Protein chains: 2
Amino acid sequence: MDHPTQLPTSEVDVVIVGAGPAGLMSNLWLSTFKGLSVRIIDKRTATVYAGQADGLVGRTQEVFNSFGFEERVLKIAQPMAEFSFWEPDRNGQIFRSSRTADGPPNMSRFQGAVLHQGYIERFLKDAIKEREGPDVEYGMQPDLLQVDESMVEGDDSHPITLRIRHLSEQESAPSQFGHTIANGLFRSTNFSTSEEEDQAINTIAKAGTQEIIKCKYLLGCDGAHSWIRRQIGVNMEGDQTDFIWGVLDIHPLTDFPDIRSRCSIHSARSGSLMVVPRENELVRLYIQLEDLERNMDGRIDRSKITPEDILRAAQKIITPYTLQYDYCDWFTAYQIGQRVSTRYTKFDRVFILGDACHTHSPKAGQGMNVSLMDAYNLGWKIAQVLQHKAPRSILATYEAERRPVAQELIEFDRKWSSLFSGKLEPNDNQAEDGLLEEFKQTFEDAKLFVAGITVTYAPSVLVDKTSHQKNDHSTKVLSKTDLAKGIHLGMRIPSYRVLNQADARSWHLQDRLPSNGQWRLLIFAGSMIDLAQRERVLAFADYLLSPLSILNTYASEDIPLFDIITVHSGPRTEVELSHFPPPLRKMSEYNNVFVDDHSYLEPFGDAYKNYGVDSIRGCVVLIRPDQYVSWIGDLEDTDKLETFCRGCLRRLPSSSSL
Amino acid sequence: MDHPTQLPTSEVDVVIVGAGPAGLMSNLWLSTFKGLSVRIIDKRTATVYAGQADGLVGRTQEVFNSFGFEERVLKIAQPMAEFSFWEPDRNGQIFRSSRTADGPPNMSRFQGAVLHQGYIERFLKDAIKEREGPDVEYGMQPDLLQVDESMVEGDDSHPITLRIRHLSEQESAPSQFGHTIANGLFRSTNFSTSEEEDQAINTIAKAGTQEIIKCKYLLGCDGAHSWIRRQIGVNMEGDQTDFIWGVLDIHPLTDFPDIRSRCSIHSARSGSLMVVPRENELVRLYIQLEDLERNMDGRIDRSKITPEDILRAAQKIITPYTLQYDYCDWFTAYQIGQRVSTRYTKFDRVFILGDACHTHSPKAGQGMNVSLMDAYNLGWKIAQVLQHKAPRSILATYEAERRPVAQELIEFDRKWSSLFSGKLEPNDNQAEDGLLEEFKQTFEDAKLFVAGITVTYAPSVLVDKTSHQKNDHSTKVLSKTDLAKGIHLGMRIPSYRVLNQADARSWHLQDRLPSNGQWRLLIFAGSMIDLAQRERVLAFADYLLSPLSILNTYASEDIPLFDIITVHSGPRTEVELSHFPPPLRKMSEYNNVFVDDHSYLEPFGDAYKNYGVDSIRGCVVLIRPDQYVSWIGDLEDTDKLETFCRGCLRRLPSSSSL
Ligand SMILES: Cc1cc2nc3c(=O)[nH]c(=O)nc-3n(C[C@H](O)[C@H](O)[C@H](O)COP(=O)(O)OP(=O)(O)OC[C@H]3O[C@@H](n4cnc5c(N)ncnc54)[C@H](O)[C@@H]3O)c2cc1C
Ligand SMILES: Cc1cc2nc3c(=O)[nH]c(=O)nc-3n(C[C@H](O)[C@H](O)[C@H](O)COP(=O)(O)OP(=O)(O)OC[C@H]3O[C@@H](n4cnc5c(N)ncnc54)[C@H](O)[C@@H]3O)c2cc1C
């Protein structure tokens, strides 16, 4: 066992360790690209457990939509419409002091919704299968990681060596799953297929054996206790607080009127509670636990906490309403801690993602969402580097873009959690309690942030914008942000309705931006009935057809690297498809030219107005494969566009001359 | 083979012959009810073919939604937004003379869409599987049908004897499928699962053997050439015209600008053509064929028509635009004929449905829709009779309700087809041609009818309304139609948005009316902040709880026969769930009380206004399991409600006293 050279050895492009949300999203993204070899392993068995995350924010659903399975979420998730605040009156009795919309209006088409993590993992796996991506290999755990530093800049080298051990059934049993609290991890077989169960059995047959995998990239998606993180010597910064919270997933029996609304209940003397209604008539309760027994060392042994303990605490808070349950799906108890990894990568070869680089309380419902988005940020970059379409330098943007998101989240969570757990000042007029006012205000202020749509990536080779860092004189900004005041460099492009010129069908623009690895050249053609403007559009099209244009320089072996989408400002009935020359539109292609006009059936999108684009002169927007905005310019700014692309794209060795 | 008594014999409740849309919808409906035994057989092999129907009207999609799979349609179907009219100018050159919305605005949430019949059959089969309904047994054909008239009124008798023959592969091959034109029936394996292929092989192994099935009800869903129809001695009334039309399903190469819009093209001298854009970038063309060679007997041999012939005819019509294709999915040629069966049933034991009782041209896109709706009308009635929940007399409503629908369709189709095929008068100003004006007007007038939402069933034991037939003095109308001016007896209840009182989630009312066999008591509670009105609501609830109420008289062994839905007029925030007594709302039930109020997220439904119900005093509406409206009354009209129910429901033998 100690002679790695004698072990079976194989080579792949990427190994993903951990098949939680971050690992599966990585796998899905990589599966979208042709020709990559990927393995994904996990130390546990295939069965998915109840419990864990359940909040899906707007941005996550936009991404699911871009992978084509959001309708499955919409069908069963419980949408979050309202948040109610409950607090004690003068007599210490709780009452509903106010209600507000749960999410920000009109900022994402998809509102916050609640759905058990097991469904999400199921949907991700099904989408991977559709793309013929690799199945998860369960019951496997790495026990040795080496990176050959001399090889890290090589194009096709495999600098990473990983030794893997196949586990026995016992070793991969639930008590080792994710968090260390074993109790409360009930098996739920609803979410695994029979093939997966079979595969799990096969895996167990190899128990005890080892193998070596050499790979180009390694993704540590192995959760809060990440082994990969430890191997690359990265620490977590932050702290652990003393508050203990219990979680109950139950089918409730109660006369509390807002049990199907998300709400916070601050009691006068018994701590607080959050209600999160869920799919299938379940409700999740987050309950502050007080008066817990301490060990000799003063610490609380969370493994001793039972559902009955948690229910009792909840009953105290919710009194005079009654609360019981006739079914408990899952429970756990956790201690709030907010921590972020100091680094997200080693050599831009080994990366950590998801809970492996940030942990915090679950009450803001962000952990799974941010973990999924880490993977959504990184996946296409690695794929395009592996396909030689992009230089390795783009990989540095992963940490640069995602670590600040985690830091911001941790800040928010620290504030939100402490306001949630905070003791009310004993005073006569508790309704006016300052803490509660701050709590409500924090909730209002955070709606956009929580929806995940305010994430803004800093300037880099992938985002061309003015740097706010003083010393960054080197950045030469190539974009003209004024041309599209509703589109922000480094943010995901918002979605408004446009009509297909060919069939008058109304589209949300984002539906035209599936996650398939393509960059998008979004051409706001402006007014095609203005002859001077039409000339400008024709000139831009001519540029694109010219041999040295970005289209022809950065050719791709599979699908075109650039997907061209044109939106003109109408009116639709005065413009014909034939007004759009190639490559804006080719014969028998009917899904590239759109118009900002009224629809027969759907509400008007007002796209030019919402995107802040001049309806005569338009502009051009370059969008990354993950829907974030890279560059904005005029139809004449083709040199700037080229300069920008040189920084983040790579000519194929096989591609045409020059 | 000629000694039926020696053949293997079995008994079931229902046999469905034919697994096209009508047969599968029948199967789906019956599978929704617990405890019925059903077999469904079809003479062809399992493989589904390309071609056939592809238009899905709004009402059909509402029904798919009620069975829980409409989102699959929405994901891939091509929605129909616009219809363009093309006609010849003075010089005989075609031009786009006008455009209009394809469907009626706001009448159904679901707009007309196009999706290949193979998908629809796939979705139906998957939904049947989910409900654990029976698989189709392919390669089986009945060759003897006997009905024992002495047994037809018996409760649990099996008056029908059917002898079935298992076919060889050759016998069940495509040339026998549906229409007699074999050419153009290309196999498409996209739509059948591997299990189905296996099953088909097993079936073939039995080739040549026979069996006897005795059943209570027999559904003839065996298409235009229905064998069942002939066995029960029913004829088709109507005629066959001489126009021959070709159909091409192609991926087009053309510069015709409206190829992705539904449109009609009337050429000056070469006949007409209809364009129907489809899913997966396909387009269907309906093309009038002229100058066809005739046989000695003066008849046209349609089997000699090739796709090239049809394309050539299309090219002539569409000139000066060019038209080619790089892929042909399917083609056929047909002759227009409009015919309806004289009867739809024998003894209310054997029924015919779908194409077995009506045929017409496909250009109005109605055949599959009306066939599906035939089955949707009949399925629950048979199920409730079999479950002893309803008297056999309700079965007479099938023919009474569905035959007029077919007749109206045939009338429309006759007009529409002749306007479509009609010759233009050679005149100077063709744009003003009277025929074309009538064609456009007919299109506008028919939008609601075509969407399938104007279907209105006549008075019967299932629809309580004033009869328009002079001699029907016996009908005593129990309803007060003025109480809900937007709801019409005998029509499907329209859908508007309401909010769930418990969680502020916005619902389309129809989403709360799934096809699960339940009758709905829709209680418009009016204003719950008006104390007098609240008393009226409490009194109605008291009635429902009383031992002789319809709830307690017509108990059911599986799910409750009546589903109670309450919609009050708001405001939501001034009313609490606890204001609603049982049975309007029970503890830990949060999906029965709704309110007509503004939503945080969705457009306001204005339900009381749209339903035409007084927002103070409300009313009560009784809705059939198929969403058609049976009865409307005041909260005090419980005696009328009881009288109505006595006509169409049956006390369970086991149910409580009296
Ligand atoms: C009670 C609770 C409520 C929550 N609520 C929410 C919420 O509402 N919204 C939200 O967004 N998030 C929520 N979260 C957080 C969310 O569950 C996590 O953020 C998310 O699961 C992180 O995903 P991940 O893929 O990074 O890690 P994990 O889901 O932890 O997956 C890590 C995987 O790696 C495997 N693994 C670990 N070590 C190894 C190893 N050495 N070798 C091989 N495999 C290994 C594990 O078996 C596991 O499958 C909640 C969490 C809890 C506990
Ligand atoms: C070119 C074309 C275009 C069309 N377009 C549309 C459209 O856009 N919209 C629309 O709504 N409709 C359209 N239709 C009509 C539509 O296809 C039919 O109305 C529909 O299929 C009828 O359904 P059905 O179940 O009644 O019969 P069918 O689909 O014909 O099914 C009958 C089934 O019974 C089986 N069968 C027949 N005889 C026997 C027997 N003796 N024993 C056992 N099994 C038997 C057959 O194998 C078949 O599977 C179109 C039809 C055609 C040909």
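Residues numbered from 1 in each chain as written. Chains lettered and ligands numbered in written order. Predicted model: local features only at pLDDT ≥ 70, side-chain atom pairs only at ≥ 80, totals over all residues. Heavy atoms only, no water.

Under an unreviewed UniProt entry, the name given to chain A is Phenol 2-monooxygenase, and the source organism is Cladophialophora psammophila CBS 110553. Turning to chain A, the UniProt record has this under Sequence similarities (unreviewed entry): "Belongs to the PheA/TfdB FAD monooxygenase family." (UniProt positions renumbered as here; feature names shortened; annotations may be inferred.)

Q: Could you give an account of the interface of chain B and chain A, with specific residues and numbers?
A: Much of the literature gives interface size as the accessible area that the parts lose upon coming together. Contact with chain B, which involves 36 residues of that partner, is made by 36 residues of chain A. It is Tyr590, Tyr600 and Leu601 of chain B that lose the most area in chain B upon contact with chain A, and together they represent 18% of the buried surface on that side. Here Glu576 of chain B makes a salt bridge to Arg96 of chain A, at a shortest N to O gap of 2.9 Å. Summed over the shared surface of chain B and chain A, the number is 14 residue pairs in polar contact (both at pLDDT 80 or more). Mapped onto the side of chain B that touches chain A, the elements with two or more residues apiece are helix 3 (70-76), strand 4 (78-79), strand 6 (94-101) and strand 12 (236-254) of chain B. Taken together, the residues of the side of chain B that touches chain A break down into 16 nonpolar, nine polar and 11 charged. (Contact = heavy atoms within 4.5 Å. Buried area = accessible area lost by both parts, 1.4 Å probe. Salt bridge = Lys/Arg side-chain N within 4 Å of Asp/Glu carboxyl O. Polar contact = N/O pair within 3.5 Å; in protein donor to acceptor, adjacent residues only side chain to side chain. Helix = DSSP H or I, 4+ residues; strand = E, 2+ residues; numbered from the N terminus. Nonpolar A, V, L, I, M, F, W, Y, C, P; charged D, E, K, R; others polar.)

Q: Let's hear about the sheet that holds strand 22 (residues 519-526) of chain B: which residues, and what values?
A: Strand pairing in a sheet relies on backbone hydrogen bonds. The paired strands run either parallel or antiparallel. Residue and element names in this part refer to chain B. Across the sheet, which stays open at both edges, the seven strands sit in the order 21-20-24-23-22-25-26 with mixed pairing between neighbours. Across the chains shown, the open sheet's two edge strands, defined by having one partner strand only, are strand 21 (506-508) and strand 26 (629-633). Neighbouring strand axes in the sheet, compared pairwise and without regard to direction, differ in orientation by 30° on average. Where strand 22 lies against strand 25 (residues 619-623), five bridges are found, and the strand directions are antiparallel. Residue pairing for strand 25: Ile523 is matched across the bridge by Val620. (Pairing = 2+ DSSP bridges. Axes fitted to C-alpha atoms, helices over the stretch in contact; angles between N-to-C directions.)

Q: Describe the environment of Leu395 of chain A, with residues and values.
A: All names here are of chain A. Structurally, the position occupied by Leu395 is in the loop between helix 8 (367-386) and helix 9 (396-421). By relative accessible area, which is 0% here, Leu395 ends up buried. In the structure, Leu395 is positioned 10 residues away from Val385 in sequence and 8.3 Å away in space, judged by C-alpha atoms. Setting aside its immediate chain neighbours within four residues, Leu395 contacts Tyr217, Asp348, Phe351, Lys381, Ile382 and Val385. (Buried < 20%, exposed > 50% of the residue type's maximum accessible area, 1.4 Å probe, protein only.)

Q: Residues and numbers for the pairing of strand 5 (residues 82-88) of chain B, please.
A: Residues and elements named next belong to chain B. Burial analysis of strand 5 places seven of its seven residues in the buried class, which makes it a mostly covered element. The two faces of strand 5 match: Glu82, Ser84, Trp86 and Pro88 on one face and Phe83, Phe85 and Glu87 on the other face are all buried. The sheet contact formed by strand 5 and strand 6 spans seven bridges and is antiparallel. The partner of Phe85 across the bridge, within strand 6, is Ser98. With antiparallel pairing between neighbouring strands as the criterion, strand 5 and strand 6 make up a hairpin whose turn holds five residues, including Gly92 at a positive phi of roughly 80°.

Q: Explain the pairing of strand 11 (residues 210-220) of chain B to me, and be specific about the residues and the numbers.
A: Regular strands show a simple pattern: their side chains alternate between the two faces of the sheet. Residues and elements named next belong to chain B. Across the 11 residues that make up strand 11, a large majority, 10, are buried. The sheet contact formed by strand 1 (residues 9-17) and strand 11 spans eight bridges and is parallel. If you follow Glu11 over to strand 11, its bridge partner there is Lys214. Across six bridges, the pairing between strand 10 (residues 160-166) and strand 11 is antiparallel. Among the inter-strand pairings, Ile164 is bridged to a residue of strand 11, identified as Glu211.

Q: Lay out the relation of the copies chain B and chain A with the relevant residues and their values.
A: One copy of the chain maps onto the other through a rotation about an axis plus a displacement along that axis. You can overlay chain B on chain A at an RMSD of 0.0 Å; the transform is a turn of 180° with a shift of 0.0 Å along its axis. Here the symmetry operator amounts to a two-fold rotation axis. Nearest to the rotation axis, the C-alpha of Glu71 of chain B is located 3.5 Å from it, this being the minimum over chain B. Most of the interface of chain B is mirrored in chain A, where 100% of its interface residues are also at the interface. (Least-squares fit on C-alpha atoms with pLDDT ≥ 70 in both.)

Q: Describe the site of ligand 2, with residues and values.
A: All names here are of chain B. Taken together, the neighbourhood of ligand 2 is formed by 35 residues, with Ala22, Asp42, Arg44, Asp355 and Met368 sitting nearest. Lys43 is positioned with one of its backbone polar atoms (N or O) 3.1 Å from a nitrogen atom of ligand 2. Between ligand 2 and Gly367, the relevant distance is 3.1 Å, taken from an oxygen atom to a main-chain nitrogen or oxygen of the residue. In isolation ligand 2 offers 990 Å² of accessible surface; the protein chains occlude 94% of this area. Counting only elements with at least two residues in the shell around ligand 2, the list comes to helix 1 (21-32), strand 9 (140-147), strand 15 (283-289) and helix 8 (367-386). Looking at the shell around ligand 2, the element that brings in the most residues is helix 8, giving four residues. (Near = heavy atom within 4 Å. Areas by Shrake-Rupley, 256 points an atom, 1.4 Å probe, with all protein chains shown as cover.)

Q: Which residues make up helix 8 of chain A, and what are the values?
A: In an α-helix, one turn spans 3.6 residues; hence positions three or four apart end up facing the same way. Residue and element names in this part refer to chain A. With 20 residues, helix 8 should reach 28 Å at 1.5 Å per residue; the first-to-last C-alpha distance of 29 Å fits that figure. Most of helix 8 sits inside the fold, with 20 of its 20 residues counted as buried. Just downstream of helix 8 lies His388, where phi reads positive at about 65°. (Expected span 1.5 Å × (residues − 1).)

Q: Would you mind going over the environment of Pro494 of chain A in detail, with residue names and values included?
A: Residue and element names in this part refer to chain A. Looking at the element boundaries, Pro494 is found in the loop between helix 10 (434-450) and strand 20 (497-500). Once the C-alpha coordinates of Pro494 and Gln627 are considered, the two residues, 133 residues apart in sequence, prove to be 9.0 Å apart. Beyond its immediate chain neighbours, meaning those up to four positions away, Pro494 contacts Gly486 and Tyr611.

Q: Please provide a residue-by-residue account of the sheet that holds strand 23 (residues 562-568) of chain A, values included.
A: Residues and elements named next belong to chain A. Taken in spatial order, the seven strands line up as 21-20-24-23-22-25-26 in an open sheet, and their pairing is mixed. The open sheet is flanked by strand 21 (506-508) and strand 26 (629-633), the only strands paired with a single partner. Looking at each pair of strands side by side, their axes are set apart by 30° on average, direction ignored. Packed onto the sheet, helix 11 (residues 531-545) meets strand 22 (519-526), strand 23 and strand 25 (619-623) and runs at close to 155° relative to strand 22. Each of strand 22, strand 23, strand 25 and strand 26 is contacted by helix 14 (residues 638-648), which is oriented at about 160° to strand 26, the strand it contacts most.

Q: Hey, could you go over the site of ligand 1 for me, with residue numbers and the actual values?
A: All names here are of chain A. Neighbouring ligand 1 are 34 residues, the closest being Ala22, Asp42, Arg44, Asp355 and Met368. Pro21 is positioned with one of its backbone polar atoms (N or O) 3.1 Å from an oxygen atom of ligand 1. Contact between ligand 1 and Asn369: an oxygen atom at 3.0 Å from a main-chain N or O atom of the residue. Coverage of ligand 1 by the protein amounts to 95% of the 990 Å² it exposes when considered alone. Within the residue set of the shell around ligand 1, elements represented by two or more residues are helix 1 (21-32), strand 9 (140-147), strand 15 (283-289) and helix 8. Broken down by element, the residue count for the shell around ligand 1 peaks at four residues, all from helix 8. Class assignment for the residues of the shell around ligand 1 results in 14 nonpolar, 13 polar and seven charged.

Q: Pulling in residues and values, what's your account of the packing of aromatic side chains?
A: All names here are of chain A. Enumeration over the complete set of coordinates arrives at 60 aromatic pairs over all chains. Relative to Phe67, the ring of Trp29 has its centre 5.3 Å away and its plane inclined at 85°; by these criteria the two rings are edge-to-face. On the criterion of sequence distance, the pair formed by Trp29 in helix 1 and Phe67 in the loop between helix 2 (58-66) and helix 3 (70-76) is long-range, its members being 38 residues apart. We note that Trp29, like Phe67, is buried. Here the aromatic rings of Phe256 and Tyr321 are separated by 5.4 Å at their centres, their planes lie at 75°, and the arrangement is edge-to-face. Of the two residues, Phe256 is situated in the loop between strand 12 (236-254) and strand 13 (262-266) and Tyr321 in the loop between helix 7 (307-318) and strand 16 (323-341); the sequence distance between them amounts to 65 residues. By relative accessible area, which is 24% here, Tyr321 ends up partly exposed. (Phe/Tyr/Trp six-rings, centres within 6.5 Å; stacked < 30°, edge-to-face > 60°.)

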